[in-house]
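Descriptive structure summary
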Amino acid sequence: MKETLMDVDGLIACPVCDALHYVVDVPNNAQASCHRCEEVLFAPKPDAMTRVVMLAATALILMVTAVFFPFLDLSAGGFEQHSSVLDAITAFSDGLLLPLSFAVAALIVILPALRLIAILYAIGPMMIGHAPARHATAAFRFAQVLRPWSMAEIFIVGVAVALVKVGGLATVAVGPAFWAFVALVVVTTLNDTVMCRLTIWKTLEDRSRY
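Keep in mind that what you see is a predicted model, and the values were worked out from it rather than measured. Within every chain, residues take consecutive numbers counted from 1 along the sequence as written. Under the rules for a predicted model, residues below a pLDDT of 70 receive no local features and side-chain atom pairs below 80 are neither given nor counted, while totals for whole chains, interfaces and linings still include all residues. In computing side-chain values, all of the structure's heavy atoms are included and hydrogens and water are not.

Each helix and strand counted, the chain has seven helices and seven strands in total. For the purposes of this entry, the term helix denotes a DSSP run of H or I that reaches at least four residues, the term strand denotes a run of E that reaches at least two, and both are numbered from the N terminus. Its helices and strands in sequence order give the chain the pattern β-β-β-β-α-β-β-α-α-α-α-β-α-α, from N to C terminus. Atoms counted for the radius of gyration: C-alpha only. Globule rule: 2.2 Å times the number of residues to the power 0.38. Over its C-alpha atoms the chain spans a radius of gyration of 22 Å, topping by over 25% the 17 Å that the globule rule assigns to 210 residues. Projecting the C-alpha coordinates of the chain onto the three principal axes gives extents of approximately 85 × 40 × 35 Å. Relative accessible area decides the class of each residue, using a 1.4 Å probe on protein chains only: under 20% of the type maximum gives buried, over 50% gives exposed, and in between gives partly exposed. Buried residues in the chain amount to 36% of all 210 residues. Considering only contacts in the chain between residues 6 or more positions apart, those separated by 24 or more positions represent 62%. Per element, the accessible surface of the chain, about 12800 Å² overall, is 66% carbon and sulfur. When checking whether two residues touch, look at their non-hydrogen atoms; a contact exists if any pair is within 4.5 Å. To measure how exposed things are, a 1.4 Å probe is used in the Shrake-Rupley method; for residues, cover is taken only from the protein chains shown.

Next comes the structure, spelled out in structure tokens:
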């Protein structure tokens, strides 16, 4: 039986069903979908890298605001309590709850911030026409690994549920950090929507050869 060797350099696998496809040039504002499951593989957009970098930088600034500015003000029975996200993290820093403090800090602050920094490092130089930075491919892969573990949106949903329950017991006023966190979730979601990962992988591969 005669064996046929396939050139795997020009192939990509669908991230959903693993069907193999030949890499083709897709024009801006068009889409290339998987022939088996219809998953969108390529969806390049004009100035997409600029949008991704700007959105990631905006999200990083919002992250700093959300952590250090006042988040919630509670008042009940003449007592007032002002808290920030940093206060929420350090509230569990004593005794057996210390691991919980590390988990909260990692999932809502550290990992999302690291993911944004990795995106900026991987894509930023290419946005201005330079070759990818050293280890840019590893940085973008790291950003994709962190994506399921960045849980800022889960935190803000939990806070919203808690506000509904606490609202009948105390007077609650949200601070600028709360709105910064809401904006952070919106900007991060928009960034993930704008970003075509396979297009970025292909661009990284092509420009690394220069």
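Here we take up the environment of Leu96. Mapped onto the elements of the fold, Leu96 is located in the loop between helix H2 (85–90) and helix H3 (98–127). When its relative accessible area of 84% is taken as the criterion, Leu96 is described as exposed.

Take the sheet that holds strand S6 (residues 79–83) next. Strand pairing is defined by DSSP finding a minimum of two bridges between the two strands. Taken in spatial order, the three strands of this open sheet run S6-S5-S7, and their pairing is antiparallel. Each edge of the open sheet carries a strand with a single partner, namely S6 and strand S7 (171–174). Averaged over all neighbouring strand pairs, the angle between strand axes comes to 15 degrees, with direction disregarded. Two strands pair when backbone bridges link them, and strand S5 (residues 72–76) and S7 are joined in this way by four bridges, in the antiparallel orientation. Think of each axis as a best-fit line through the C-alpha atoms, taken over the contacting stretch in the case of a helix, with angles from 0 to 180 degrees between the N-to-C directions.

Moving on, we come to the pattern of salt bridges. Should a side-chain nitrogen of Lys or Arg be within 4 Å of a carboxyl oxygen of Asp or Glu, the pair is scored as a salt bridge. Tallied over the entire structure, the rule returns three salt bridges. With a shortest N-O distance of 2.8 Å, Arg115 and Asp192 are connected by a salt bridge. One end of the pair, Arg115, is in helix H3; the other, Asp192, is in helix H6 (residues 176–194), and 77 residues separate them in sequence. Note on Arg115: relative accessible area 4%, which makes it buried. With a relative accessible area of 15%, Asp192 lands in the buried category. The partner of Arg197 in a salt bridge is Asp192, with the nearest N and O atoms 3.9 Å apart.

The next subject is the nonpolar core. For soluble globular proteins, the rule of thumb is that nonpolar side chains tend to be buried together. By nonpolar core is meant a set of buried Ala, Val, Leu, Ile, Met, Phe, Trp, Tyr and Cys residues that side-chain atoms within 4.5 Å join together. Counting residues in hydrophobic clusters, the biggest one holds 44 residues, and the most contacted among them are Phe71, Val85, Ile123 and Phe181. If you list the elements that add at least two residues to this core, you get helix H1 (48–68), H2, H3, helix H4 (136–146), helix H5 (152–166), H6 and helix H7 (197–208). Apart from the residues within four sequence positions on either side, Ile123 is in contact with Met49, Val52, Val53, Phe140 and Ile200.

Moving on to the packing of aromatic side chains. Stacked, edge-to-face and tilted are the three classes for Phe, Tyr and Trp ring pairs, Trp counted by its six-membered ring, which pair at centre distances within 6.5 Å; planes under 30 degrees apart are stacked, over 60 edge-to-face, the rest tilted. Considering all chains together, one arrives at four aromatic pairs under this definition. Between Phe140 and Trp201 the ring centres are 4.9 Å apart and the planes differ by 75 degrees, which places this aromatic pair in the edge-to-face class. Taken together, the positions of Phe140 in helix H4 and Trp201 in helix H7 put the pair 61 residues apart, joining distant regions of the chain. Given a relative accessible area of 0%, Phe140 falls into the buried group. With relative accessibility at 25%, the residue Trp201 sits in the partly exposed group. Ring-pair connections join several aromatic residues into one group, and the members of that group are Phe71, Phe178, Trp179 and Phe181.

What follows concerns unusual backbone geometry. Of note, His135 is a non-glycine position whose phi angle comes to about 65 degrees, a positive value. Locating His135 in the fold gives a position in the loop between H3 and H4.

Taking 1.5 Å per residue as the helical rise, H6 with its 19 residues ought to reach 27 Å, and the 27 Å between its terminal C-alpha atoms agrees with that figure. What H6 keeps buried is the set Ala177, Phe178, Ala180, Phe181, Leu184, Val185, Val187, Asn191, Asp192 and Val194. Close packing links the buried residues of H6 with H1, H2, H3, H5, S7 and H7. Each residue after the first adds 1.5 Å to the expected span of a helix.

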